[in-house]
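Listed below, chain by chain, are the residues.
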2 protein chains.
Amino acid sequence: MPASTPLPQFDDVLDAAARIAPHARATPVLRADALDAAAGASLLFKAEPLQHGGAFKFRGACNAVFSLSDAEAARGVVTHSSGNHGAALALAARRRGIACHVVAPQGAAAPKLALIAAQGAVLHRCEPTIAAREAMCERVRQATGATLVHPYADARVIAGQGTATLELLAEAPGLDLLVVPVGGGGLASGAALALSGCAPGLPLVLAEPAGAADTLRSLRGGVRDVDFVPDTVCDGLRGTLGEPNFRILHGYGAEVVAVDDADTIAAMRLLLTRLKLLVEPSAAIALAAVLAQPARFAGRRVGIVLSGGNVDPDTLPWAAR
Amino acid sequence: MPASTPLPQFDDVLDAAARIAPHARATPVLRADALDAAAGASLLFKAEPLQHGGAFKFRGACNAVFSLSDAEAARGVVTHSSGNHGAALALAARRRGIACHVVAPQGAAAPKLALIAAQGAVLHRCEPTIAAREAMCERVRQATGATLVHPYADARVIAGQGTATLELLAEAPGLDLLVVPVGGGGLASGAALALSGCAPGLPLVLAEPAGAADTLRSLRGGVRDVDFVPDTVCDGLRGTLGEPNFRILHGYGAEVVAVDDADTIAAMRLLLTRLKLLVEPSAAIALAAVLAQPARFAGRRVGIVLSGGNVDPDTLPWAAR
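The structure presented is a predicted model; accordingly, all values stated were derived computationally and were not measured.

Thresholds applied
- Residues numbered from 1 in each chain as written.
- Chains lettered and ligands numbered in written order.
- Predicted model: local features only at pLDDT ≥ 70, side-chain atom pairs only at ≥ 80, totals over all residues.
- Heavy atoms only, no water.
- Helix = DSSP H or I, 4+ residues; strand = E, 2+ residues; numbered from the N terminus.
- Rg over C-alpha atoms; globule rule 2.2 N^0.38 Å.
- Buried < 20%, exposed > 50% of the residue type's maximum accessible area, 1.4 Å probe, protein only.
- Areas by Shrake-Rupley, 256 points an atom, 1.4 Å probe, with all protein chains shown as cover.
- Lys, Arg positive; Asp, Glu negative; His and termini not counted.
- Charge placed at Lys NZ, Arg CZ, Asp CG, Glu CD.
- Pairing = 2+ DSSP bridges.
- Contact = heavy atoms within 4.5 Å.
- Buried area = accessible area lost by both parts, 1.4 Å probe.
- Salt bridge = Lys/Arg side-chain N within 4 Å of Asp/Glu carboxyl O.
- Polar contact = N/O pair within 3.5 Å; in protein donor to acceptor, adjacent residues only side chain to side chain.
- Least-squares fit on C-alpha atoms with pLDDT ≥ 70 in both.
- Phe/Tyr/Trp six-rings, centres within 6.5 Å; stacked < 30°, edge-to-face > 60°.
- Lys NZ or Arg CZ within 6 Å of the ring centre and 35° of its normal.
- Core = buried A, V, L, I, M, F, W, Y, C linked by side-chain atoms within 4.5 Å.
- Domains from an automatic or database assignment.
- Axes fitted to C-alpha atoms, helices over the stretch in contact; angles between N-to-C directions.
- Parallel < 35°, antiparallel > 145°, perpendicular 65-115°, else oblique.
- Left-handed = near helix turned anticlockwise from the far one by under 90°.
- Nonpolar A, V, L, I, M, F, W, Y, C, P; charged D, E, K, R; others polar.
- Expected span 1.5 Å × (residues − 1).

Engineer: Break down the overall build of chain A for me, citing the residues and quoting the values.
Structural biologist: Scanning chain A from N- to C-terminus turns up 14 helices and 10 strands. Taken over the C-alpha trace, chain A has a radius of gyration of 18 Å; the compact-globule value for 321 residues is 20 Å, and the two agree within 12%. Counting only residues that meet the buried cut, chain A has 60% of its 321 residues in that class. Of the roughly 11400 Å² that chain A leaves accessible, carbon and sulfur atoms contribute 53%. Each charge class in chain A can be summarised by its mean position, and for the 28 positive and 29 negative side chains these summaries are 4 Å apart.

Engineer: Which residues make up the sheet that holds strand 6 (residues 147-148) of chain B, and what values go with them?
Structural biologist: Residues and elements named next belong to chain B. The parallel open sheet is built from four strands, whose spatial order is 5-4-3-6. The strands lining the two open edges of the sheet, one partner per strand, are strand 5 (122-126) and strand 6. With four bridges joining them, strand 3 (residues 77-80) and strand 4 (residues 100-105) adopt parallel strand pairing. By the bridge assignment for strand 4, H80 is matched with V103.

Engineer: Before we move on, can you summarise the interface of chain A and chain B with the specific residues and values?
Structural biologist: Each side of the interface is counted separately: chain A has 23 residues, and chain B has 23 residues. Between chain A and chain B, roughly 1900 Å² of surface is buried when both sides are summed, and carbon and sulfur atoms account for 53% of that area. At the boundary of chain A and chain B, one finds four salt bridges. Between the two partners, chain A and chain B, sit 14 residue pairs in polar contact (both at pLDDT 80 or more).

Engineer: Which residues make up the environment of P49 of chain B, and what are the values?
Structural biologist: When you line up the elements, P49 of chain B lands in the loop between strand 2 (42-47) and helix 3 (57-65). Distance from P49 of chain B to I158 of chain B, taken between C-alpha atoms, is 18 Å for residues 109 residues apart in sequence. Every residue in contact with P49 of chain B, bar those within four places of it in the chain, is listed here: K276 of chain A together with G54, L277, L278, V279, L306, S307, G308 and G309 of chain B.

Engineer: Please give an account of the relation of the copies chain A and chain B that cites residues and values.
Structural biologist: Screw-axis analysis of chain A against chain B gives a translation of 0.0 Å along the axis, an RMSD of 0.0 Å, and a rotation angle of 180 degrees. The symmetry that links the two subunits is that of a two-fold axis. The position closest to the rotation axis in chain A is occupied by the C-alpha of L277 of chain A, lying 2.5 Å away. The overlap is high: 100% of the interface residues of chain A also sit at the interface in chain B, so the same surface is used on both sides.

Engineer: How would you summarise the packing of aromatic side chains if you had to cite specific residues and measurements?
Structural biologist: Tallied over the entire structure, the rule returns zero aromatic pairs over all chains. It is R217 of chain B that lies over the ring of F228 of chain B; its NZ or CZ is 5.7 Å from the centre.

Engineer: Go over the nonpolar core, please, and point to the residues and values.
Structural biologist: In terms of nonpolar packing, the biggest core is built from 82 residues, with L43 and L275 of chain A together with L43 and L275 of chain B touching the most fellow members. Membership of the second largest hydrophobic core comes to 37 residues, among which are A164, L193, L219 and L249 of chain B.

Engineer: Give a detailed account of the domain arrangement of chain A, specifying residues and quantitative values.
Structural biologist: Residues and elements named next belong to chain A. On domain assignment, one finds that chain A holds domain 1 (10-56 + 154-306) and domain 2 (58-148). Taken over C-alpha atoms, the centre of domain 1 sits 23 Å from the centre of domain 2. Counting residues at the interface gives 26 residues for domain 1, matched by 18 residues for domain 2. Where domain 1 abuts domain 2, roughly 1800 Å² becomes buried across the two surfaces, and 52% of that area is made up of carbon and sulfur atoms. The three residues of domain 1 that bury the most area against domain 2 are R19, H23 and R156, which together make up 35% of that side's buried surface. At the junction of domain 1 and domain 2, the tally comes to two salt bridges.

Engineer: Tell me about the environment of I98 of chain A, and please be specific about residues and values.
Structural biologist: All names here are of chain A. Checked against the element boundaries, I98 lands in the loop between helix 5 (84-96) and strand 4 (100-105). With relative accessibility at 16%, the residue I98 sits in the buried group. Between the C-alpha atom of I98 and that of L306, which follows or precedes it by 208 residues, the distance is 29 Å.

Engineer: So what about the sheet that holds strand 5 (residues 122-126) of chain A? Which residues, and what values?
Structural biologist: Residue and element names in this part refer to chain A. In space, the four strands of this open sheet follow the order 5-4-3-6, with parallel pairing throughout. Strand pairing shows two members of the sheet lacking a second neighbour, strand 5 and strand 6 (147-148), which therefore form its edges. Packing of helix 6 (residues 110-118) onto the sheet brings it into contact with strand 4 and strand 5, and relative to strand 5 it is tilted by some 145 degrees.

Engineer: Quick rundown of the side chain of E280 of chain B? Include the residues and the values.
Structural biologist: Within the secondary structure, E280 of chain B sits in the loop between helix 12 (261-275) and helix 13 (281-292). Setting aside residues no more than four positions away along its own chain, E280 of chain B makes contact with N84, K112, D235, M268, G308, G309 and N310 of chain B.

Engineer: Explain the pattern of salt bridges residue by residue, including any values.
Structural biologist: Within this structure, the stated rule accounts for 26 salt bridges over all chains. Residue D36 of chain B pairs with R31 of chain B through a salt bridge whose shortest N-O separation is 2.9 Å. Put simply, D154 of chain B and R156 of chain B hold a salt bridge, and the shortest N to O gap is 2.6 Å. The exposure class assigned to R156 of chain B is partly exposed, which follows from its relative accessible area of 25%. Through salt bridges with shared partners, one network takes in K46, E48, R59 and E167 of chain A.

Engineer: Explain the side chain of E48 of chain A to me, using residue names and the numbers behind them.
Structural biologist: Residues and elements named next belong to chain A. Looking at the element boundaries, E48 is found in the loop between strand 2 (42-47) and helix 3 (57-67). On the basis of relative accessible area, E48 is assigned to the buried category, the value being 0%. Ignoring any residue separated from it by four or fewer positions in sequence, one finds E48 in contact with T27, G54, A55, F56, R59, A164, V305, L306 and S307.

Engineer: If you had to explain the pairing of strand 3 of chain B to someone new, which residues and values would you point to?
Structural biologist: Residue and element names in this part refer to chain B. A two-sided burial pattern is seen for strand 3, the buried positions comprising V77 and T79 on one face and V78 and H80 on the other. With two bridges joining them, strand 3 and strand 6 adopt parallel strand pairing. Pairing of V77 across the sheet is with T147, part of strand 6.

Engineer: Pulling in residues and values, what's your account of the packing of helix 8 (residues 155-171) of chain A against helix 9 (residues 186-198) of chain A?
Structural biologist: Residue and element names in this part refer to chain A. Where helix 8 contacts helix 9, the axes come no closer than 7 Å and their chain directions differ by 55 degrees. With respect to each other, helix 8 and helix 9 are oriented oblique. Crossing hand, helix 8 versus helix 9: right-handed. Listed contacts from helix 9 to I158, Q161, G162, T165, L166 and L169 of helix 8 are G186, L187, S189, G190, A191, L193, A194, L195 and C198. Partitioning the contact of helix 8 with helix 9 into residue classes produces nine nonpolar, six polar and no charged.

Engineer: Break down helix 8 of chain A for me, citing the residues and quoting the values.
Structural biologist: For helix 8 of chain A, which comprises 17 residues, the first-to-last C-alpha distance of 25 Å matches the rise-based estimate of 24 Å (1.5 Å per residue) to within 8%. Counting buried residues along helix 8 of chain A, 12 of its 17 residues qualify, which places the element largely inside the surrounding structure.

Take a look at the structure:
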């Protein structure tokens with residue numbers, strides 16, 4: 001998405017909500033007394049592990065796929081993805097009955113690749129670099145005429161991801177803050193759009209791995225940091241903040257909390273034990289950000305988007321330590 | 001509860017719903033595509049692991065505690081429980097600000113005892129036999145004047161547990177069957193009462209461990225089987241079907257499916273992987289019953305009450321095998 005492209009707006013989130021309503025789940029908002037007690041706050045968890053495909057990614061993918069004209073749709077869609085977006089796009093494409101090509105780097109999590117393949121998508125493996133992924137994607141696009149649906153730097157995807165926050169705000173009125181994870185920034189910038197229409201000025205806190213804190217540096221410096229090597233257990237948050245995502249988050253005035261992996265893993269265990277919900281490290285990081293800064297959240301009513309739950313219960317990260 | 005005591009009725013479930021509404025959570029109904037595909041049916045899971053205390057037991061305990069007169073309440077409550085009911089009664093008593101005594105047998109699950117103690121209840125340990133538990137309970141009752149709140153053979157408890165089914169029927173209309181676990185029969189007989197008012201004649205299927213199948217034998221023979229030694233991983237389902245519970249379930253015409261522990265453990269793993277929800281074996285057994293009889297449930301819309309989720313994620317039963 002070139003820097004000159006107009007950014008999606010709040011109305012695009014409303015359009016997305018209507019477009020995906022027949023397909024996506026309105027996931028529940030969950031609570032747990034023990035987590036409220038641990039945080040000294042009221043925590044309202046939007047449970048996207050219960051979304052189709054096990055992550056919020058289905059919202060954006062679905063909005064993109066059902067935005068296509070029939071002629072575009074007939075040529076299919078293509079993306080590169082470390083997992084959840086690829087699975088989501090495959091699911092959405094299957095629902096519309098069109099082809100889906102997914103470029104997946106070596107090292108992507110096995111359960112996520114299995115989800116993608118199970119939906120009938122064509123997998124194209126490549127080296128785990130951004131450059132290799134984009135090159136392979138372009139090759140497939142030129143060969144098939146498929147429409148590229150970028151995992152996060154895409155207006156339709158951003159608007160779709162915003163519907164998670166839209167639903168949370170409707171079901172849990174009176175929030176004092178919203179906390180979401182940030183990687184490429186699809187979920188986060190969608191949240192900013194939803195807030196801008198429903199609760200303008202509500203603080204938006206982004207939870208980011210300390211080992212992949214490009215968003216922290218980018219928003220602080222006012223310039224996108226695109227040159228870093230991610231080192232984090234949060235496999236969904238290793239990407240670089242997208243360009244439109246940066247502009248939206250910068251414009252909204254989102255704040256970033258950098259979180260150590262050890263805190264994220266502890267939060268993941270707490271969510272399983274207390275909320276009974278299996279979430280990915282990339283989702284648990286949002287609770288970890290809250291627990292790491294008790295003074296900031298004490299006594300507040302805090303919305304938290306738990307982004308996904310595609311993780312192998314036999315290799316939970318705390319058991320491996 | 002003597003055999004002459006009148007049984008609770010549908011109206012008691014409605015009264016319970018109003019009484020506990022300020023205190024209990026209206027837990028969500030969850031779904032997972034992969035589980036629907038595995039069963040060849042539409043499965044709607046009432047998620048009681050998300051109830052206060054992590055199990056449906058809070059409903060019955062809360063109804064009992066808030067049914068007491070002020071004079072009765074001032075003397076507190078007492079129960080014997082392998083865990084979840086004890087924790088639930090402690091929570092409910094704390095909410096009303098009254099004393100709670102819990103008689104817990106040796107061998108009860110540590111996370112459940114911790115929950116009880118954390119609520120300020122007085123723990124009284126005893127041998128793991130029904131006789132020892134009842135004797136200790138009676139001793140406490142005589143010393144304190146506390147009201148006995150039996151885990152399941154109690155009209156107020158049964159009516160309270162019925163509210164889980166009441167909510168499920170309201171949120172998921174058009175069910176073809178309802179499946180619930182059965183141990184002492186509090187949840188199951190409450191479900192029968194709720195069905196009798198809201199969906200009379202709807203088949204009620206009880207999932208019972210093959211190693212503790214007294215309900216199967218009792219309903220088949222028309223006489224309560226009270227002489228058996230339970231052998232099952234389902235620690236919440238080792239009790240003997242209660243007398244009023246038997247009468248209600250027999251009157252409703254409930255059917256029983258006996259389930260092997262291995263199937264229950266496989267279902268527990270499936271629920272964690274696919275529904276992302278951590279449930280006890282005593283809850284997972286209900287899904288196991290559905291998966292064990294595909295022909296019976298194929299193409300149907302099936303309500304399933306997942307009863308609780310108090311289990312240690314570090315000692316999951318499939319990892320121990």
